[in-house]
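Report on the structure
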There are 2 protein chains.
Amino acid sequence: MMKKVIIVGGGFAGLNAAKVLGNQKGFQVTLIDSRNHHLFQPLLYQVAMAGLSPAEIARPIREMLGKYRNVRVLQGMVQSVKPDQRKVVTDFGEKDYDYLVLAGGAKHTYFGHSEWEVHAPGLKTIEQATEIRRRVLMAFEKAEREDDPADQKKHLTFVIVGGGPTGVELAGAIGEMSRFTIAREFRQIDPKLTRVILIEAGPRILPSFSKESASKATRDLEKLGVQVWTSSMVTGVNHDGVEVGEERVRAATVLWAAGVKASHLNGDLNEPKDQSGRVQVEPDLSVKSHPEIFVCGDQAAVIPKEGEKPLPGLAPVALQQGRYVAKMLIRKEKGRPVEPFSYRDKGQLATIGRSRAVAEFGKIRISGFFAWLAWLLVHIYYLTGFKNRLFVVIQWAWAYLTFDRGARLIVGKDWQFYAEPARPTVANRSDKITAQ
Amino acid sequence: MMKKVIIVGGGFAGLNAAKVLGNQKGFQVTLIDSRNHHLFQPLLYQVAMAGLSPAEIARPIREMLGKYRNVRVLQGMVQSVKPDQRKVVTDFGEKDYDYLVLAGGAKHTYFGHSEWEVHAPGLKTIEQATEIRRRVLMAFEKAEREDDPADQKKHLTFVIVGGGPTGVELAGAIGEMSRFTIAREFRQIDPKLTRVILIEAGPRILPSFSKESASKATRDLEKLGVQVWTSSMVTGVNHDGVEVGEERVRAATVLWAAGVKASHLNGDLNEPKDQSGRVQVEPDLSVKSHPEIFVCGDQAAVIPKEGEKPLPGLAPVALQQGRYVAKMLIRKEKGRPVEPFSYRDKGQLATIGRSRAVAEFGKIRISGFFAWLAWLLVHIYYLTGFKNRLFVVIQWAWAYLTFDRGARLIVGKDWQFYAEPARPTVANRSDKITAQ
């Protein structure tokens, strides 16, 4: 009997589960994703910072799985799961499964202030990355044509909320971009007057790293002109900037890197969840009430040992979990015994600007240029697909030699570029059609 | 006395005018464009067809002109011109000039049916190119998950309206993409069943080429499975497809390559215009009633000799006109005599798929692989900036060897990718903010 496996999500977990099940006898696999592409999320901030083009870190899922004849890829939205009927509900109908692998990931959360999102976009998708790129580049453009010094200062102030790796990477990149890449291209403003503020609620940035690494990262950020505000809780975000308790910072650009919430599909599983909405799974990543459902990646809270913290939301964790589930299903179908999931720690890395980073592999801690080199090699190694690797290396080599940022395009709000302001154009009006 | 020159538009004409005036004593130049980037428009269809990424054919104008200390670049909309006051009105205030160079280009026109635009986007901007890319790729995705054969057929039918070079290039690329690039990645549909119809109102495609070239192009298109309908007037476009007189073609994707209209700024010039709204200029590209205003590129109708057709809307025409105006202003200020503009014909080229083209240089006509090679060399040579050239060559070499299309990303309608359908996301909601 063929077993029908549905995989929800083509991120690191879902994609790797599908690859392991690819061309395995006895399995008929359907991978459903709302996007047509797998995204190399660790480099997404490079798209937001105009260092890479979207196509350099994303590839069609269909292409990556094309050679597996038993794998079908469907682009569509999974709206809900009906565990008792073993069905998923999509926007193109219901689909049956024997095994379900949920790898739908997470998205940003604003701690009950969803009205902040519009002023402070997060960084999870290509669209968000190009939107952030647009806002950052437009801020310099607006400052250049602004005569009022106070408004100019507002345009040149960038606030990043959240001191994890993404926040650190964004802050470092903006600091560096303003100091080197575009410094000599403006006539009226001095881009070096750019103010970049990284705000973290906890006592230090990079809480998942050691104290030593965090303080090295702080010093490196400060060298790039970034102000690091720790123990500072953002209490308000609006079109004019942010509030930090009594203090107000006027800033045209606010970026959000402060918290995630697991996929809404977890709402259909009657299981305990942690505060980020992640499902607490069994040692084999299955769900207690439904052993045919597995949850991987950012959607799951996997606690390695009683009393330990759950595994972090990193690409290697998701990748290993996806592979594990697929291998385990194969063993199960062959009647072989199954081991619980265990994570092989691949360490963690955060990069600060063009040539500095902090890295920790178990007890080994490195920082500065060699950590950056390690970061570079690890990312190139994991970047899926030879072609992307080659292109990214060339792009980086170029950027390194020339301080160039190759993808400094402001795109995305089509109507705004037309001189007849009242007239909406294709990109806008087509929303209505698609919504019909 | 410093002369203030305002250049409207950073396309081939405006950019090259600014370069020639760059670092010239006595001139203070301001270039205003609603975009931050110069676009290599001859390759825009490659972005629409997922062959190139936007950043590979676009570079920030600010960067390209950064070394000229007397040139200032401002991103903003020029709303109108006041010739009698020697001012342009922008969305960030009014600006004075001594000389005005209008190089605002053209956009698509739907011959009085602007309601067709939403169903049949044109190809002038990066946003339109990624929108076309999204529609074409989504059509295959929808066909794959569709069970009804009639609807599947609709999704796999592509109509291109307009048989000029852009229409030919789009039709050839879709034909080829369906036959080679993505052929083996689908399970339910056979992408080879794709129907591509190129509709031209005139008696033949490529009317600006010779009859021989046009019929060679037709045969090459037919080899790629494209149906070429000539003498066929589109009389209706809606969400279901197109009407050609009594006939109806059901098609999910309709692309428009059929007609252009010059910049609305021409409305502020009290001069005769041709049917595309282009201003008829003097032999030195100035405007009769205002000799300090010059019009270049797609915004101008330049008639080489009494009774001849106006010069076509090609990149070399715009480029030569921009350079001419700048050189002429320099001569004029030095009190030297001024020659009228004359166009050095660089020929014309249209490519059909991966390795065929038609090319005409004066009386020389070539077609097939060598025309394609000529097309490739010419485009690489003119592609502005060394880095872009290098990247595009690598990308092309790769695509040629592997049939790969590196940029097959569906992006741009963010909300549609979220599983909670009612919830608008950043990309949408931020429209409202920017509009504030």
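Along each chain, numbering runs from 1 in the same order as the chain's sequence is written. To read the labels, note that chains go from A and ligands from 1, taken in the order they are written. In keeping with the model being predicted, local features are shown solely for residues with a pLDDT of at least 70 and side-chain atom pairs are shown and tallied solely at 80 or more, while totals for entire chains, interfaces and linings include all residues. Values shown for side chains rest on all heavy atoms present in the structure; no hydrogens or waters enter the calculation.

Looking now at the overall build of chain A. For the purposes of this entry, the term helix denotes a DSSP run of H or I that reaches at least four residues, the term strand denotes a run of E that reaches at least two, and both are numbered from the N terminus. Each helix and strand in chain A was counted, giving 11 helices and 25 strands. Only protein chains enter the accessibility calculation, which uses a 1.4 Å probe; a residue whose area is less than 20% of its type maximum is buried, one above 50% is exposed, and one in between is partly exposed. When each of the 436 residues of chain A is scored for burial, the buried share is 61%. Contacts are assigned to residue pairs that have any heavy atoms within 4.5 Å of one another. A separation threshold of at least 6 residues defines the contact pool for chain A, and within that pool the share at least 24 residues apart is 64%. On chain A, roughly 17600 Å² of surface is accessible, and the fraction owed to carbon and sulfur atoms is 52%. Computed with a 1.4 Å probe, the accessible areas rest on the Shrake-Rupley method; for each residue, only the protein chains presented here act as cover.

Before going further, it helps to spend a moment on the packing of aromatic side chains. Residue and element names in this part refer to chain A. Aromatic contacts are taken between Phe, Tyr and Trp rings whose centres are within 6.5 Å, Trp giving its six-membered ring; a plane angle under 30 degrees counts as stacked, one over 60 as edge-to-face, and the others as tilted. A full pass over the atoms with the stated rule returns 20 aromatic pairs over all chains. Ring geometry for Phe369 versus Phe370: centroids 5.8 Å apart, planes at 75 degrees, classification edge-to-face. Residue Phe370 is classed as exposed on the basis of its relative accessible area of 62%.

Time to look at the pattern of salt bridges. For this analysis, a salt bridge means a side-chain nitrogen from Lys or Arg found within 4 Å of a carboxyl oxygen belonging to Asp or Glu. The final tally for this structure, using the stated rule, is 36 salt bridges over all chains. Between Asp151(B) and Arg250(B) there is a salt bridge; the shortest N-O distance is 3.4 Å. In this pair, Asp151(B) is assigned in helix 5 (residues 149-155) and Arg250(B) in strand 16 (residues 247-250), connecting sequence segments 99 residues apart. One salt bridge connects Asp274(B) with Arg278(B), and the closest N-O pair in it is separated by 3.0 Å. Neither Asp274(B) nor Arg278(B) differs from the other in exposure class; each is buried. Salt bridges sharing partners connect three or more residues here, namely Asp151(A), Lys154(A), Asp240(A), Glu243(A), Arg248(A) and Arg250(A).

Our focus in this paragraph is the sheet that holds strand 23 (residues 348-352) of chain B. Residue and element names in this part refer to chain B. An order of 23-24-25 is seen for the three strands of this open sheet, with the pairing classed as antiparallel. In this open sheet, the two edge strands, each paired with only one partner strand, are strand 23 and strand 25 (364-368). The average angle at which neighbouring strand axes cross in this sheet is 5 degrees, direction not considered. Two strands are said to pair when DSSP picks up at least two bridges between them. Here strand 23 pairs with strand 24 (residues 356-361) via five bridges, running antiparallel. Comment: axis = line fitted to C-alpha atoms, over the contacting stretch for helices; angle = value between 0 and 180 degrees taken between N-to-C directions.

Turning next to the pairing of strand 23 of chain B. Residues and elements named next belong to chain B. Of all five residues making up strand 23, five are buried, and the element is well covered by its neighbours. What you see with strand 23 is no split at all: Gln348, Ala350 and Ile352 on one side and Leu349 and Thr351 on the other are buried throughout. What sits between the antiparallel neighbours strand 23 and strand 24 is a turn of three residues, in which Gly353 has the positive phi angle 70 degrees.

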